[in-house]
Amino acid sequence: MFTGLITDVGELIGREDGRFAIRCGYDPDDIAPGASIACDGACLTVVTVRADGAGAAFTADVSNETLSKTTLGSWQLGRRINLERPLRAGEELGGHIVAGHVDGVARIVDIRVDGESRRLVIEVPPDLAPYVAPKGSVALDGTSLTVNEVSGARFGINLIPVTLTQTTWGRKKPGDEVNVEIDLLARYVARIMEFRG
């Protein structure tokens, strides 16, 4: 499980078939093969890890299922990637519960400057729209965000300066696609309601 609080921004340094190589600032001695790392919100399993400069480089195998549900299929070398290590027992849950299971791909429709922050309009696929609620939580490219308002399949979010500078969000532009994970609780409530209807 993750919290949606990004702890590093990595870089895609290799891609061969379904094996991706990512450089990061994490201590290589603190990453074991088999560990999970959320990469732009997609939970990937570390296959190999080695020291790389002051940080590490790790590889992960990406399945066809992951490629079909996420933005990973379009990643090119040099891409910057939001990274998060899993939540450890006893740590502060500062974002919201994020599984690292991407539900689909959303699109940035609009970005407006609002003081030191930026307001974005995001459009999700129609089948995911019912799970997005005002003042609810959503994970976009692995980042835990609060939904401001909702209109159909579109919703608004606000990005504060620390989010813009310490994640990949400061580089985003209208038209960009992002991984979306709906709130875990919304998913289960909807499933329960299917059987009560």
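It should be noted that the structure appears before, not after, this text.
All of the points below concern the structure found in this document. (Residues numbered from 1 in each chain as written. Predicted model: local features only at pLDDT ≥ 70, side-chain atom pairs only at ≥ 80, totals over all residues. Heavy atoms only, no water.)

**Here we look at the layout of surface pockets**
Heads up, the rule is: Here a cavity denotes grid points, spaced 1 Å and computed from the protein atoms alone, that fit a 1.4 Å probe unable to get out, and a pocket denotes an open set having protein on both sides within 12 Å along at least 5 of 7 lines; residues with an atom within 4 Å of a point are the lining. Grid points are joined across faces, edges and corners, and a volume is the space filled by probe spheres set on the points. Each helix corresponds to a stretch of at least 4 residues labelled H or I by DSSP, and each strand to a stretch of at least 2 residues labelled E; elements are numbered beginning at the N terminus.
Of the voids in this model, the largest pocket is the one considered here, and its volume is about 320 Å³. What lines the largest pocket is a set of 17 residues, among which Thr143, Ser144, Leu145, Ile160 and Thr163 lie closest to the centre. Of all the secondary-structure elements, those providing two or more residues to the lining of the largest pocket are strand 10 (143-146), strand 12 (154-159) and helix 2 (161-166).

**Regarding the packing of aromatic side chains**
Rules: Geometry of aromatic contacts follows a simple scheme: Phe, Tyr and Trp rings, the Trp one being its six-membered ring, pair when their centres are within 6.5 Å, and the pair is stacked under 30 degrees between planes, edge-to-face over 60, tilted otherwise. Remark: a charge is flagged as sitting over a ring if the NZ atom of Lys or the CZ atom of Arg is within 6 Å of the ring centre and within 35 degrees of the ring normal.
In this structure the tally under the stated criterion is 1 aromatic pair. Sitting over the face of the ring of Tyr26, Arg85 holds its NZ or CZ atom 5.6 Å from the ring centroid. Over the ring of Trp169 we find Lys172; its NZ or CZ atom is 5.7 Å from the centre of that ring.

**Some details on the sheet that holds strand 6 (residues 80-84)**
As a reminder of what qualifies: Pairs of strands are assigned from DSSP output, requiring at least two bridges between the strands. Lines fitted to C-alpha atoms define the axes here, with helix axes fitted over just the stretch in contact, and angles between the N-to-C directions of these axes take values from 0 to 180 degrees.
Read around the closed barrel, 6 strands run 1-2-5-4-3-6, paired in antiparallel fashion. With strand direction ignored, the average angle separating the axes of adjacent strands in the sheet is 45°. For strand 1 (residues 8-16) and strand 6, the ladder comprises 4 bridges, and the chain directions are antiparallel. Of the residues in strand 6, the one forming a bridge with Glu11 is Arg80.

**Description of the environment of Ser117**
Quick reminder of the rule: Buried, partly exposed and exposed residues are distinguished by accessible area as a fraction of the type maximum, computed with a 1.4 Å probe on protein chains only: under 20%, between the cut-offs, and over 50%, respectively. By definition in these notes, contact holds between two residues if any of their heavy atoms fall within 4.5 Å.
Structurally, the position occupied by Ser117 is in strand 8 (residues 117-123). Classification of Ser117 as buried rests on a relative accessible area of 13%. Residues Ser117 and Phe155, 38 residues apart in the sequence, show an inter-C-alpha distance of 17 Å. The contacts of Ser117, once residues within four sequence positions are left out, are Arg112, Asn158, Leu159, Ile160 and Pro161.

**Re the sheet that holds strand 13 (residues 177-182)**
Pairing between sheet strands relies on hydrogen bonds along the backbone, with the strands arranged either parallel or antiparallel. Taken in spatial order, the 7 strands make up an open sheet running 10-9-13-7-8-12-11, and their pairing is antiparallel. Looking along the sheet, the strands with just one partner apiece sit at the ends: strand 10 and strand 11 (150-151).

**Considerations on the pairing of strand 1**
Examined bridge by bridge, strand 1 and strand 2 (residues 19-24) share 5 bridges and lie antiparallel to one another. The residue bridging Glu11 from the neighbouring strand is Arg23, located in strand 2. Connecting strand 1 to the antiparallel partner strand 2 that follows it, the hairpin turn spans 2 residues, and Asp17 within it adopts a positive phi of roughly 55°.

**A word on the side chain of Thr70**
Counted only if it meets this: For the purposes of these results, a polar contact is taken to be a pair of N or O atoms within 3.5 Å, where, inside protein, one atom must be able to donate a hydrogen and its partner to accept one; residues adjacent in sequence count only when each atom of the pair is a side-chain atom.
Structurally, Thr70 is set in the loop between helix 1 (64-69) and strand 6. Here Thr66 takes part through its backbone oxygen, which lies 2.6 Å from a polar atom of the side chain of Thr70. Side-chain polar atoms of Thr70 contact the backbone nitrogen of Leu72, separated by 3.1 Å. For Thr70, the residues in contact, after removing those within four places along its chain, are Ala42, Val102, Val105 and Asn179.

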